[in-house]
Amino acid sequence: MATVAEMYSLGWGEEGKVWKWRRRLLAWEEEKVRECCDFLTIIVLQSNHSDRWIWHLHVSNKYNVASAYNHLLSSTNNNLAADHIIEILNKEVPLKVSLFFCVGGCGMLEDTKHLFFSCDFFGKLWYGISHWLRFHMVFPKHVSDHLYQFGTLGGFSKSNRSAFNLIWLSCVWVIWIERIARVFHQKEASFHQLLDKIKLQSYWWLKGNRPSFAFSYHLWWLNPLPFLGIYL
Ligand SMILES: [Zn+2]
């Protein structure tokens, strides 16, 4: 084992002395080493600076949840946000577990798109939530299109898109938490309990983000649209 500084001083270019292999590399492995070397070429270590992580989304350069969350919501490119979210969740799924059957009890093998969007059990939550929002529609299967359609249900104003994106995120979040509860804690919430959790989650997130959002949860639960400034 060598430290990063030792590796740097030995040289980590393609011909660098840092690379030693116990056997001859296969072609695809050589390709990976080349990729790695390419990444490393732009790194310059400075002896008078200690290593530290930098989070570029906040001025403090330190990670905080709000900055990550705002980045996801404020992204002008919805496709990017959706793909980010699903990618993040996907990486959280251990391979062993991801090969299991869907925990929704539908009998299908689980993958991310299935779990969040097309499952007979979890997928219906989107219809439950859009019904609550007084919209009736068929959602597209592709993740980015799904977020775009949901996010623009209330119109294209920045404020409404942000609110609907947040409700979309609440739905994804609740499905994910329910999956964890089912896989790791053998606990199951019913369909209607999950719908209520999404309504409650979106309520708290909106309340946390909008100082003017001073309504009771009960009124939100009954009909959220007036509180988003939408009158159908
Ligand atoms: Zn399923």
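An unreviewed UniProt entry lists the chain under the name Reverse transcriptase zinc-binding domain-containing protein, with Medicago truncatula as the source organism.

1. Description of the overall build of the chain
Across its full length, the chain holds 11 helices and zero strands. Ordered by position in the sequence, the α and β elements of the chain form the string α-α-α-α-α-α-α-α-α-α-α. Taken across its 232 residues, the chain has 20% of its residues classed as buried.

2. With respect to helix 9 (residues 158-184)
When the terminal C-alpha atoms of helix 9 are compared, their 38 Å separation across 27 residues agrees well with the 39 Å that a helix rising 1.5 Å per residue should span. Downstream of helix 9 by one or two residues, Gln 186 has phi in the positive range, about 50 degrees.

3. Some thoughts on the packing of helix 8 (residues 143-151) against helix 9
Relative to each other, helix 8 and helix 9 sit at 130 degrees, their axes nearing to 8 Å. As far as their axial angle goes, helix 9 and helix 8 are oblique. Classified by chirality, the crossing of helix 9 by helix 8 is right-handed. In this structure, helix 8 uses Leu 147, Phe 150 and Gly 151 to contact helix 9, whose residues at the interface are Arg 161, Phe 164, Asn 165 and Trp 168. Its residues assigned to classes, the contact of helix 8 with helix 9 shows four nonpolar, two polar and one charged.

4. Section: the nonpolar core
Grouped together as the largest cluster of nonpolar side chains are 30 residues, with contacts concentrated most on Leu 125, Ile 129, Ile 167, Trp 168, Cys 171, Ile 175 and Ile 198. At the level of elements, helix 6 (112-118), helix 7 (124-132), helix 8, helix 9 and helix 10 (191-209) are the ones that each hand at least two residues to this core. Looking at this core element by element, the count peaks at 10 residues for helix 9. Setting aside its immediate chain neighbours within four residues, Ile 175 contacts Leu 115, Phe 116, Phe 122 and Leu 125.

5. Observations regarding the confidence of the model for the chain
Averaged over every residue, the pLDDT of the chain is 81; the share at 70 or more is 84%. Mean pLDDT in the chain bottoms out at helix 5 (residues 95-98), which sits at 46, and peaks at helix 7, which reaches 94.

6. Observations regarding unusual backbone geometry
Of note in this structure, Arg 134 is not a glycine but carries a positive phi near 70 degrees. Tracing the backbone shows Arg 134 in the loop between helix 7 and helix 8. Judged by local crowding, Arg 134 falls into the exposed class, with 12 C-beta atoms found within 10 Å. Phi is positive for Gln 186, close to 50 degrees, though the residue is something other than glycine. Summarising the element assignment, Gln 186 is placed in the loop between helix 9 and helix 10.

What counts as what
Residues numbered from 1 in each chain as written. Predicted model: local features only at pLDDT ≥ 70, side-chain atom pairs only at ≥ 80, totals over all residues. Helix = DSSP H or I, 4+ residues; strand = E, 2+ residues; numbered from the N terminus. Buried ≥ 20, exposed ≤ 12 C-beta atoms within 10 Å, placed from the backbone. Expected span 1.5 Å × (residues − 1). Axes fitted to C-alpha atoms, helices over the stretch in contact; angles between N-to-C directions. Parallel < 35°, antiparallel > 145°, perpendicular 65-115°, else oblique. Left-handed = near helix turned anticlockwise from the far one by under 90°. Contact = placed C-beta atoms within 7 Å. Nonpolar A, V, L, I, M, F, W, Y, C, P; charged D, E, K, R; others polar. Core = buried A, V, L, I, M, F, W, Y, C linked by C-beta atoms within 7 Å. pLDDT = per-residue confidence, 0-100.

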